[in-house]
Amino acid sequence: RGVRPPLRLAAARAVYEAARAGAPTRLEPVMAVEVAVPEGLLGIVLSDLNGTRRAEIGELGSLPDGRRVVRAAVSLEFMVGYATALRSITAGNASFHMAFSHFA
């Protein structure tokens, strides 16, 4: 027969009050992103990461072949479709690697 309606109502109310008192927060995954890009396209990539992707730029480095490396932290929500966008804005001359970093 299950739980009687008054007990079900009391349990639902207790869960609601506990959740409200605990001040729950929504955590979203943050990704560590590394983009390898030719020097001439660095500004375009940085603009896309800062503007569209709302990235926190960590550091800029250089590779032995002359390309630049941008390291950043970006919410996974904003990285959806990044491979296509990066290919489009750099004419296929850049690559990136993304890995989970933390929840924020």
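Look a little higher up for the structure.
Just so it is clear, the model here is predicted, and its values are computed rather than measured.

1. Points about the environment of H97
Positionally, H97 belongs in strand β4 (residues 95–103). Put simply, H97 and E34 are 63 residues apart on the chain and 5.2 Å apart in space, counted from C-alpha to C-alpha.

2. With respect to helix α1 (residues 5–22)
The end-to-end C-alpha distance of α1 is 26 Å, a good match for the 26 Å that 18 residues give at a rise of 1.5 Å each. Counting buried positions along α1 gives zero out of 18 residues, so the element sits mostly on the surface. Two residues or fewer after α1 comes A23, characterised by a positive phi angle close to 50°.

3. Side note on unusual backbone geometry
Backbone geometry places R54, a non-glycine residue, at a positive phi of 55°. Within the secondary structure layout, R54 lies in the loop between α2 (42–52) and β2 (56–62). Note on R54: relative accessible area 60%, which makes it exposed. The backbone of A91 sits at a positive phi, close to 55°, despite the residue not being glycine. Here A91 shows up in the loop between α4 (82–90) and β4.

What counts and how
Residue indices begin from 1 for each chain and proceed along its sequence in written order. Restriction of local features to residues with pLDDT of at least 70 applies here, the model being predicted, together with a cutoff of 80 or more for giving and counting side-chain atom pairs; totals for whole chains, interfaces and linings are based on all residues. Side-chain measures here rest on the full set of heavy atoms in the structure, leaving out hydrogens and waters. A helix here means a DSSP run of H or I that spans at least four residues, while a strand means a run of E at least two residues long, and both kinds are numbered starting from the N terminus. For a helix, the expected span equals 1.5 Å multiplied by the residue count minus one. The buried label goes to any residue with under 20% of its type's maximum accessible area, the exposed label to any with over 50%, and the partly exposed label to all in between, with areas taken from a 1.4 Å probe on protein chains only.

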